[in-house]
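Below are the chains, spelled out letter by letter.
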Amino acid sequence: MARRVAYRKKRQNRFGMFLVTIAMLMMLIVVAVSSVELREKKAAYQQKELALKEQIEAEEERALEIEEYEKYTQTKKYIEEVARDKLGLVYEGEILFKDEN
């Protein structure tokens, strides 16, 4: 009878080890799948980061252009151009020639 009890314990021990092995394999699969998903997210975020950096650079260049234009609009040359083009003003004694077209 002692042999029977020892056989059952050995069998139960093997079954327990089998269950533990299955649980470990399942956890390994879950971790592997999560790892792949995280790598994909990381790649997507890196692409998004590069696009945002490019956008920041473009906006900084645009800000510089706006600052230069602002300085230009405060010059006498700009005021003269606007007066001539939009208002049709000329200096005193200046003669304007226009095309017939």
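This text follows the structure it describes.
Since the model is a prediction, treat every value here as computed from it, not as a measurement.

Details of the packing of aromatic side chains
Then, in step 1: Enumeration according to the criterion identifies three aromatic pairs in this entry.
Then, in step 2: When the ring of Tyr-69 is compared with that of Tyr-72, the centres are 6.5 Å apart and the planes differ by 45°; the resulting orientation is tilted. One end of the pair is Tyr-69 and the other is Tyr-72, both in helix α1 (residues 2-73) and three residues apart, which spans about a single turn.
Then, in step 3: For the ring pair Tyr-69 and Tyr-78, a centre distance of 6.2 Å and an interplane angle of 80° mean the geometry is edge-to-face.
Then, in step 4: An aromatic cluster is present here, built from Tyr-69, Tyr-72 and Tyr-78 joined pairwise through their rings.

Digging into the pattern of salt bridges
Then, in step 1: Tallying each qualifying case throughout the model produces two salt bridges.
Then, in step 2: The closest approach of N and O atoms between Lys-53 and Glu-49, which form a salt bridge, is 3.6 Å. With a gap of four residues between them, Lys-53 and Glu-49 both fall in helix α1, about one helical turn apart.
Then, in step 3: On the basis of relative accessibility, which here comes to 42%, the residue Glu-49 falls in the partly exposed class.
Then, in step 4: The salt bridge partner of Glu-59 is Arg-62, with a shortest N-O separation of 3.8 Å. Of the two residues, Glu-59 and Arg-62 are both situated in helix α1; the distance of three residues between them amounts to about one turn of the helix.
Then, in step 5: A relative accessible area of 49% means that Arg-62 is categorised as partly exposed.

Details of the environment of Glu-57
Then, in step 1: The residue Glu-57 is located in helix α1 in this model.
Then, in step 2: When its relative accessible area of 49% is taken as the criterion, Glu-57 is described as partly exposed.
Then, in step 3: When the C-alpha atoms of Glu-57 and Lys-41 are compared, they prove to be 24 Å apart, with 16 residues separating the residues in sequence.

What counts and what doesn't
- Residues numbered from 1 in each chain as written.
- Predicted model: local features only at pLDDT ≥ 70, side-chain atom pairs only at ≥ 80, totals over all residues.
- Heavy atoms only, no water.
- Phe/Tyr/Trp six-rings, centres within 6.5 Å; stacked < 30°, edge-to-face > 60°.
- Helix = DSSP H or I, 4+ residues; strand = E, 2+ residues; numbered from the N terminus.
- Salt bridge = Lys/Arg side-chain N within 4 Å of Asp/Glu carboxyl O.
- Buried < 20%, exposed > 50% of the residue type's maximum accessible area, 1.4 Å probe, protein only.

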